[in-house]
Amino acid sequence: GAVVSQHPSWVICKSGTSVKIECRSLDFQATTMFWYRQFPKQSLMLMATSNEGSKATYEQGVEKDKFLINHASLTLSTLTVTSAHPEDSSFYICSASTIQSEQYFGPGTRLTVT
Amino acid sequence: SQQGEEDPQALSIQEGENATMNCSYKTSINNLQWYRQNSGRGLVHLILIRSNEREKHSGRLRVTLDTSKKSSSLLITASRAADTASYFCATVGYQKVTFGTGTKLQVIP
């Protein structure tokens, strides 16, 4: 099946710094990628949808200036958490959509902000 | 985005028993998927059922879909301790996936 990777797997950063998370589709081209956030013991919540070459569409309540999404190629999307704070600590998961609209999920990135 | 509802929220069974989890959703879908997630880990895709399908099997997993009732069920037969995890349904509309609230399954050896 299609493989999606995320880098890094986990990251610990200090409050106020920015963190970039990469999402790659390894063996297929993804016109659309999705970013989710999961707080402990909760389900996944969609943050934003990004299409290659265009601006991301953010879900209500998600600050676009804080969570910068770049989808520069058909195999790579990045999520940058700017000026991270402890409340941004979460599990961030990306997914990539094939042309048949089937989604494949990355393994997730655990972010801890101290 | 509206989340689907899953029940039960948590389930504890003995090894060898069957586990059934249910998922209800609100909008029309293209397909519905079930995922498992071990604590603190990423999602593992289990099975996909399309909107025109009613039942699907994969190993010890059986998934049903009733689009008229907007509900799906996941049955794990002959459960094993390694099946202990959280299970999520995800409804897939046009380019959008909505996750259910999840069922936490504990299988006691």
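Heads up: these notes are all about the structure in this document. Numbering of residues starts from 1 in each chain and follows the order in which that chain's sequence is written. Numbering of ligands from 1 and lettering of chains from A proceed in the order in which they are written. Only residues with pLDDT of at least 70 get local features here, since the model is predicted, and only at 80 or more are side-chain atom pairs given and counted; chain-wide, interface and lining totals rely on the full set of residues. For side-chain calculations, the full set of non-hydrogen atoms in the structure is used, while hydrogens and water are omitted.

Before going further, it helps to spend a moment on the pattern of salt bridges. For side chains bearing opposite charge, pairing can occur when the charged atoms are close. Residues and elements named next belong to chain B. Each salt bridge in this description consists of a side-chain nitrogen of Lys or Arg and a carboxyl oxygen of Asp or Glu lying within 4 Å of one another. A full pass over the atoms with the stated rule returns five salt bridges over all chains. One salt bridge connects Lys56 with Glu53, and the closest N-O pair in it is separated by 3.9 Å. When its relative accessible area of 28% is taken as the criterion, Lys56 is described as partly exposed. Burial status follows relative accessibility: with a 1.4 Å probe on protein chains alone, a residue under 20% of its type maximum counts as buried, one over 50% as exposed, and anything between as partly exposed. Of the residues examined, Glu53 reaches a relative accessible area of 24% and is grouped as partly exposed. Ionic pairing is found between Glu55 and Arg62, a salt bridge with its closest N-O pair at 3.0 Å.

Below, the discussion takes up the nonpolar core. Think of a nonpolar core as a cluster: buried Ala, Val, Leu, Ile, Met, Phe, Trp, Tyr and Cys residues, connected wherever their side-chain atoms sit within 4.5 Å. Among the nonpolar cores identified, the biggest contains 24 residues, and Trp35, Phe67, Leu79, Tyr92 and Leu111 of chain A are the most heavily contacted of them. Only heavy atoms matter for contacts: two residues are in contact if any of them lie within 4.5 Å across the pair. Non-local contacts of Leu79 of chain A, meaning those with residues more than four positions away in its chain, are made with Val19, Lys20, Ile21, Trp35, Phe67, Leu68, Ile69 and Tyr92 of chain A. Counting 21 residues, the second largest nonpolar core, distinct from the first, contains Ile13, Ala19, Cys23 and Leu46 of chain B.

Quick look at the pairing of strand S3 (residues 19-25) of chain A now. All names here are of chain A. Of the two faces of S3, the one holding Val19, Ile21, Cys23 and Ser25 is buried and the one holding Lys20, Glu22 and Arg24 is not buried anywhere. In terms of strand pairing, strand S1 (residues 4-7) meets S3 through four bridges, oriented antiparallel. If you follow His7 over to S3, its bridge partner there is Glu22. Across six bridges, S3 lies against strand S8 (residues 76-81) in antiparallel orientation. Bridge pairing in S8 places Cys23 opposite Ser77. Helix and strand definitions follow DSSP, with helices as H or I runs of at least four residues and strands as E runs of at least two, each counted in order from the N terminus. Strands qualify as paired when DSSP identifies two bridges or more between them.

Tallying the contact residues gives 19 residues for chain A and 19 residues for chain B. Between chain A and chain B, roughly 1600 Å² of surface is buried when both sides are summed, and carbon and sulfur atoms account for 48% of that area. Two parts placed together each lose some accessible area under a 1.4 Å probe, and adding up what both lose gives the buried area. The three residues of chain A that bury the most area against chain B are Ser43, Gln103 and Phe105 of chain A, which together make up 27% of that side's buried surface. At the surface where chain A touches chain B, the tally comes to zero salt bridges. Polar contacts here mean pairs of N or O atoms no more than 3.5 Å apart (in protein, one a potential hydrogen donor and the other a potential acceptor; neighbouring residues in sequence count only if both atoms are side-chain atoms). Where chain A touches chain B, the interface holds three residue pairs in polar contact (both at pLDDT 80 or more). Listing elements by their share of the side of chain A that touches chain B, those giving two or more residues are strand S4 (32-38), strand S5 (44-51), strand S9 (90-97) and strand S10 (103-105) of chain A. The dominant element in the side of chain A that touches chain B, judged by the number of residues it contributes, is S4 of chain A, at four residues. Of the residues that constitute the side of chain A that touches chain B, the class distribution is nine nonpolar, seven polar and three charged. By the convention adopted, Pro, Cys, Tyr, Trp, Phe, Met, Ile, Leu, Val and Ala count as nonpolar, Lys, Arg, Asp and Glu as charged, and the other residues, Gly among them, as polar.

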